[in-house]
Amino acid sequence: MEIQGAKEDGYSTGLVYLDTPSGIRQIVDKLPFGLQDRWVSVASEYKEDHNGRFPPFEYFTRFVCKEAKKRNDPSLMGPGSSTIYTKPDKSSSNNFNINKPVSVLKTEAFTTNNDPSKNCPLHNKPHPLKKCRTFREKPLEERMALLKEKRICFKCCSSTSHFARECTITVKCPESNSTNHDGAMHPDPLPQTDNAPSPPQQDGGEGEAHSRTTVVSSSCTEVCGQAQSSRSCSKICLIKVYPKGAKDKAIKAYVILDDQSNRSLVSPEFFNFFDIESNQFPYYLRTCSGSVETYGRKAEGFQIESLDGKVVICLPPLLECNEILNNHTEIPTPSAVLHQPHLHHIAKHIPELDPKAEILLLLGRDVLRVHKVRQQVNGPHNAPFAQRLDLGWVVIGEVCPGNVHKPTVSTLKSNVLESGRHSIFQPRTSVTCIKEARQGFNKRKVTDETLGQSVFAQTEHDNKLAPSAQDAIFLKTKDTKVFRDEANNWVAPLPFREPRQCLPNNKEQAVKRFTSLQKKPEKET
C-alpha cells in the first residue's frame, strides 16, 4: 500500500514498471503457493474482461489486501484454517516430516498517524494531504469541510497543532502565486488530464515497460498559459498619439479599429494624460443595448503615428465615452501567431505586449485610412487571419490551437425601465410615486419638471384649522344617520361613540323609585 501511495503521487516515474508482468512477477514469487495460484486465476479473469490487458499494480494491491484480511481474521482462524503449508525444503527433508503442518497465527498491528504531512486522512495512505490529487479535485467547500473536521490548518494543510491565523509556515500557490494558501486550497478546479488507453497488443500485454499509459494534457499552455478560457484577438494596434506640433508629448496607447462605429471615441483617461479642459455636451450613444443620451467632453487637434514612424494620421474631433472596453487579452502578440503555421512568419512584425500602454482610443469610420487593408493572410477556413494596415499588423480570430477551451460568452444585458428607456444597469427595486390632490385641480403625477411648482403651491385652505379625527367621524354620522321621521321630528343616534354600550336592566330600581315618588305626596298631605 505504501508503494501504491507513492505511485499515485507520480513523483517516482520508475514505479510504472510495476504495471508490467515482469515487474509484478518478482512480488508474486514471494507470496505463498496458494496465493500464487489464486493470483493466476484472478489475473486471467481480469485479462478476459479487459480485452487482454494485464492487471495494473493497483489491482494487485487490492488483491493482496483482500487475501491478507481474510487470512488474518481471528474469528475465521481455527486448527484447520490457520494451517499454511510451506514449500518443502530438500535439504531438510530428512529431518522433518513433509506432511507435518506448520501453524502460524499472525497478530495484526494498527498504527494511527494523524500527521497530514505524512499520512493522508482521506485515503489513510502514506502520502501528504497537500499532494493528494483526489483532495485537490474536490470542490473548495468540501476541502474546507474536511480540514475543519480533521482540525487541519487551512493555510499549510500539513499540521493539526495550529490554525491558519497562527501559521508561520511559508507557502506559495503555484497557480496564483499567492502566499496565503497552499496549492491544494486553490479555489479554481484542477486542470483535467485525460488518460489515453494504449492500443491492443498482440502479445496480450505481456511485454515490458514500454506499454505504459500515456498522459495527454489538454491545457493550452503555448498561447494562453494556464488560463481556462480561450484567447481571441481583434483589431487593436499599438501607436503613438500626441497633439499636433507637440511630438515631445507623445505617449504610447492601444487603439481599437471598429468599422461599425461612425465616430471616433476616447476614454476619460485620455483627457487626464494631456490635461485637456473641455465642457461637456450631450450626444446620443446607440449600442446593442439601445440608444441612450450621455454627456462627454471633446478633444481636437490630435494625430497618431505608427511605431515605425512611417505613417502619421490626423484625427477628427474625439468624443469622450466611458463604454470603451479595456480587454488586454484581445491584443495581438507574437506568441499568439507563432503556433499558427500560416501566420508565424508575421510574428516579427507584431510588437510585444506593452503593460504600461492602455486602450485609450476607438477609431470609427470617420478615419477611413486606418481601416484600409494593405495585405492579408487568410489560411484555412476556421483559422485566424491577419491584416496589414497603415498602423501595423493585426490578427482576428481565436488563436488557441486545438479548440481545447470551453466557450466563454460575454454579453451586455439590457433592461427596460418603466419609462420605456433601455439601460445596461439594473432597474431600481423600489420606486416612490408622488401624487398631489388639491381642490379645484385634477390629480396628476408629480415629475421632476413640475416638482417645484406643485409641491410649494399655495391655496386658500392653507391657514385654516383642519378637522380632527373625531370631527370627521361626527360629520360622517351626521350625514348618514341623522334624518327627519314621519312626524317631522329630527332623529339622531345617541350616543355617537361607537360601539354603543348596552344599558343594564334597571326595571327593579325604576319601580322602587316610582313607588317612592307616589308615597311622597301622601306624606305631605
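Residues numbered from 1 in each chain as written. Predicted model: local features only at pLDDT ≥ 70, side-chain atom pairs only at ≥ 80, totals over all residues. Heavy atoms only, no water.

J.: In this structure, what is going on with the packing of aromatic side chains? I would like to understand it.
T.: The geometry of an aromatic ring pair is captured by two quantities: the separation of the ring centres and the angle between the planes. Per the counting criterion, the structure on display carries 11 aromatic pairs. Ring centres 5.3 Å apart and planes at 45° place the aromatic pair Trp39 and Phe63 in the tilted group. Placement of Trp39 in helix α3 (residues 33-49) and of Phe63 in helix α4 (residues 57-71) is noted, with a sequence separation of 24 residues between them. The pair Trp39 / Phe63 is uniform in exposure class, with both members buried. Relative to Phe60, the ring of Phe57 lies with its centre 6.2 Å away and its plane at 40°, an arrangement referred to as tilted. Here Phe57 and its partner Phe60 are both found in helix α4, three residues apart, which amounts to about one turn of the helix. A relative accessible area of 3% places Phe60 in the buried class. Aromatic rings pair up to connect Trp39, Tyr46, Phe57, Tyr59, Phe60 and Phe63 into one cluster. The lysine or arginine in question, Arg297, covers the ring of Phe271, its NZ or CZ lying 4.3 Å from the ring centre. (Phe/Tyr/Trp six-rings, centres within 6.5 Å; stacked < 30°, edge-to-face > 60°. Helix = DSSP H or I, 4+ residues; strand = E, 2+ residues; numbered from the N terminus. Buried < 20%, exposed > 50% of the residue type's maximum accessible area, 1.4 Å probe, protein only. Lys NZ or Arg CZ within 6 Å of the ring centre and 35° of its normal.)

J.: Help me understand the sheet that holds strand β6 (residues 236-243) in this model?
T.: Hydrogen bonds along the backbone pair up the strands of a sheet, which may run parallel or antiparallel. Ordered in space as β11-β14-β8-β15-β7-β6-β12-β13, the eight strands form an open sheet in which the pairing is mixed. Edge positions in the open sheet fall to β11 (298-299) and β13 (312-314), since each of these has one partner strand only. Both β11 and strand β14 (residues 318-320) contribute to a ladder of two bridges, which runs antiparallel. Bridging from a neighbouring strand, Lys298 pairs with Leu319 of β14. (Pairing = 2+ DSSP bridges.)

J.: Would you mind showing me how to read the sheet that holds strand β18 (residues 392-398) here?
T.: With antiparallel pairing, the four strands of this open sheet are ordered in space as β5-β18-β17-β16. Unpaired on one side and paired on the other, β5 (232-233) and β16 (375-377) mark the two borders of the sheet. The sheet contact formed by β16 and strand β17 (residues 385-389) spans three bridges and is antiparallel. If you follow Gln375 over to β17, its bridge partner there is Arg388.

J.: Looking at this structure, I do not really get the packing of helix α1 (residues 2-9) against α4. What am I missing?
T.: When two helices pack together, their arrangement is given by the angle between the helix axes and the distance between those axes. As a packed pair, α1 and α4 sit with axes 10 Å apart at the nearest point and diverge in direction by 155°. Compared by their axis directions, α1 and α4 come out roughly antiparallel. Two packed elements cross with a definite hand, and for α1 against α4 that hand is left-handed. Contacts between α1 and α4 involve Ile3, Gln4 and Lys7 from the former and Phe57, Glu58 and Thr61 from the latter. (Axes fitted to C-alpha atoms, helices over the stretch in contact; angles between N-to-C directions. Parallel < 35°, antiparallel > 145°, perpendicular 65-115°, else oblique. Left-handed = near helix turned anticlockwise from the far one by under 90°. Contact = heavy atoms within 4.5 Å.)

J.: Sorry if this is basic, but what is going on with the nonpolar core here?
T.: A general tendency of soluble globular proteins is for nonpolar side chains to be buried together. Membership of the largest hydrophobic core comes to 27 residues, with the highest contact counts inside it found for Phe270, Ile304, Leu361 and Leu391. Elements represented by at least two residues in this core include exactly β6, β7 (251-257), α7 (268-274), β12 (302-305), β15 (359-363) and β18. The residues touching Ile304, leaving out its near neighbours within four places in the chain, are Ile239, Lys240, Val241, Val311, Val312, Ile313, Leu315, Leu363, Val370 and Leu391. Counting 14 residues, the second-largest nonpolar core is a separate cluster that includes Leu319, Ile324, Ile331 and Leu362. (Core = buried A, V, L, I, M, F, W, Y, C linked by side-chain atoms within 4.5 Å.)

J.: Explain the pattern of salt bridges to me, please; I cannot follow it from the model alone.
T.: Where charged atoms from two side chains of opposite charge approach closely, those side chains can pair. Scanning the model with the defined rule gives 13 salt bridges in all. Two residues, Glu58 and Arg62, come together in a salt bridge whose shortest N-O distance is 3.4 Å. Taken together, the residues Glu58 and Arg62, both in helix α4 and four residues apart, mark about one turn of the helix. Residue classification places Glu58 among the partly exposed residues on the basis of a relative accessible area of 38%. (Salt bridge = Lys/Arg side-chain N within 4 Å of Asp/Glu carboxyl O.)

J.: Honestly, the side chain of Glu67 in this entry has me stumped. Any pointers?
T.: Relative to the helices and strands, Glu67 is located in helix α4. With relative accessibility at 4%, the residue Glu67 sits in the buried group. Looking at Glu67, its side chain comes within polar contact range of the side chain of Arg71, at 2.3 Å. In this structure, Glu67 is in contact with Leu35 and Arg38, ignoring residues within four places of it in sequence. (Polar contact = N/O pair within 3.5 Å; in protein donor to acceptor, adjacent residues only side chain to side chain.)

J.: Looking at this model, I keep getting lost on the pairing of β18. Mind explaining?
T.: On any regular strand, side chains alternate: one points to one face of the sheet, the next to the other face. The element β18 is largely enclosed, with a buried count of five among its seven residues. Sheet topology places β5 next to β18; two bridges connect them, and they run antiparallel. What sits directly across from Cys233, in β18, is Gly397. Looking at chain direction, β17 and β18 are connected through five bridges and run antiparallel. Residue Arg388 lies in a different strand from β18, and its bridge partner there is Trp393. Once β17 ends, the chain turns through two residues before running back antiparallel as β18.

J.: Got a minute to help me understand α3 in this structure?
T.: Given 3.6 residues per helical turn, the α-helix brings residues three or four places apart onto the same face. A rise of 1.5 Å per residue sets the reference length of α3, with its 17 residues, at 24 Å; its end C-alpha atoms lie 25 Å apart and thus fit the reference within 8%. Buried residues of α3: Leu35, Gln36, Trp39, Val42, Ala43 and Tyr46, and no others. Angularly, the buried residues of α3 cover 125° about the axis, an arc narrow enough to put them on a single face. Opposite the buried face of α3, at more than 90 degrees from it, the exposed residues are Asp37, Val40 and Glu48. The inward-facing, buried residues of α3 contact α2 (21-28) and α4. Where α3 ends, the next residue or the one after it, Asn51, has phi of about 55°, a positive value. (Expected span 1.5 Å × (residues − 1). Arc of directions from axis to C-beta.)

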